[in-house]
Amino acid sequence: MSTLSRWSRRRFHFIAGLGWLGAAAVLLGGCAHRPQGGEEPARVNVYRAQPPPFLTGPAGALLTNGAPYSARVTASSPALGKPASGQLLARGAQLVFAPDPEETSARTPEGGFSFIWDVAQGRGYVLSEALQGYARLPELAHPIRLLTTVQPGSSRKMEAQETELARAEVEMTGGAAAVFEVWQTITRPPVPVEISSLTNTSVLRLSRVRREDPGPAAFRPPSDFTDYPYPEAMVDELATRQRMRMLRHE
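## Overview of helix α5 (residues 231-248)
Taking 1.5 Å per residue, 18 residues should reach 26 Å; α5 reaches 26 Å between its end C-alpha atoms and fits that length. When α5 is considered as a whole, its buried residues turn out to be Pro231, Ala233, Met234, Val235, Leu238, Ala239, Gln242 and Met246.

Below is the structure:
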């Protein structure tokens, strides 16, 4: 079954959970809960519903183009520790990221978070499969200038596609800027296959790229999801549910 059909069939419910590391953590270590009787402390997950930086930062501008597509994305940087990967959907200026379920199930048994992000507006939503709910994320900086220059004579086959090298400069509201090297498909409009930051050592790799339209519904919270007032309310409810389960098993 294609990525597109999975998303359409389950209306964005198809992947639960997101375990993110470092400064962009969605799941962090844990605090200790000590049961009665002097037993060893149990672990209580600490959730933070923050979108990954490749959605909200300058790299997000390079993931959007005129043609919708789906892809598998892997992000690596010193801040993330181990690479993080998942499913990416793009349509115009909008992105959706949902992590690999096998990566998150061990860390977040309740299910974690997926993200919808409008790159042009610098705003979006966090969604929780476990809660069947969503919350609007605080607005962040968004791109105001993107300059891409293709390097003459560059050619490389990546992911069974012919690609070319481009240099991209992204300026954000607030004055932040970043420079990237981008291997992108020669097919127009281009889709990035590898994005390497020249500002830091972050790298994004896209594979299994499909030029398919997920449809506008994939970039909206499902109508039957509960609208939480803010992301922290979802975090609190997940933590409360976990504590209640632990108390029932004591």
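Further notes follow.
## What about the packing of aromatic side chains?
Scanning the entire structure with this criterion turns up two aromatic pairs. Consider the rings of Phe54 and Phe97, whose centres lie 5.2 Å apart with planes at 85 degrees: the pair is edge-to-face. Pair noted here: Phe54 is in helix α2 (residues 53-56) and Phe97 is in strand β5 (residues 94-99), with a separation of 43 residues, a long-range link. You can call Phe54 buried: its relative accessible area is 6%. A centroid spacing of 5.7 Å and a plane angle of 75 degrees characterise the contact between Tyr125 and Tyr134, whose relative ring orientation is edge-to-face. This pair shows no difference in class: Tyr125 is buried, exactly as Tyr134 is. Of note, Arg156 hangs over the ring of Trp183, and the distance from its end group to the ring centre comes to 5.1 Å.

## Observations regarding the nonpolar core
With 38 residues, the main nonpolar core has Leu63 and Phe180 as its most contacted residues. Look past the residues within four positions of Phe180 in its chain and what remains in contact with it is Pro58, Ala59, Leu62, Ala166, Arg167, Ala168, Val170, Ile195, Ser196, Ser197 and Leu198. The next biggest cluster of nonpolar side chains, apart from the first, holds nine residues, and it includes Leu89, Ile116, Phe219 and Phe225.

## Here's the deal with the pattern of salt bridges
According to the stated counting rule, one finds nine salt bridges in the structure shown. The salt bridge partner of Arg205 is Glu194, with a shortest N-O separation of 3.1 Å. Separated by 11 residues along the polypeptide, Arg205 in strand β14 (residues 203-210) and Glu194 in strand β13 (residues 192-197) bring together distant segments of the chain. On the accessibility criterion, Arg205 (43% relative accessible area) is partly exposed. A relative accessible area of 11% means that Glu194 is categorised as buried. Look at the salt bridges and you will find they share partners, linking Arg145, Arg167, Glu169 and Glu171 into a network.

Cut-offs used in this document
- Residues numbered from 1 in each chain as written.
- Predicted model: local features only at pLDDT ≥ 70, side-chain atom pairs only at ≥ 80, totals over all residues.
- Heavy atoms only, no water.
- Helix = DSSP H or I, 4+ residues; strand = E, 2+ residues; numbered from the N terminus.
- Expected span 1.5 Å × (residues − 1).
- Buried < 20%, exposed > 50% of the residue type's maximum accessible area, 1.4 Å probe, protein only.
- Phe/Tyr/Trp six-rings, centres within 6.5 Å; stacked < 30°, edge-to-face > 60°.
- Lys NZ or Arg CZ within 6 Å of the ring centre and 35° of its normal.
- Core = buried A, V, L, I, M, F, W, Y, C linked by side-chain atoms within 4.5 Å.
- Contact = heavy atoms within 4.5 Å.
- Salt bridge = Lys/Arg side-chain N within 4 Å of Asp/Glu carboxyl O.

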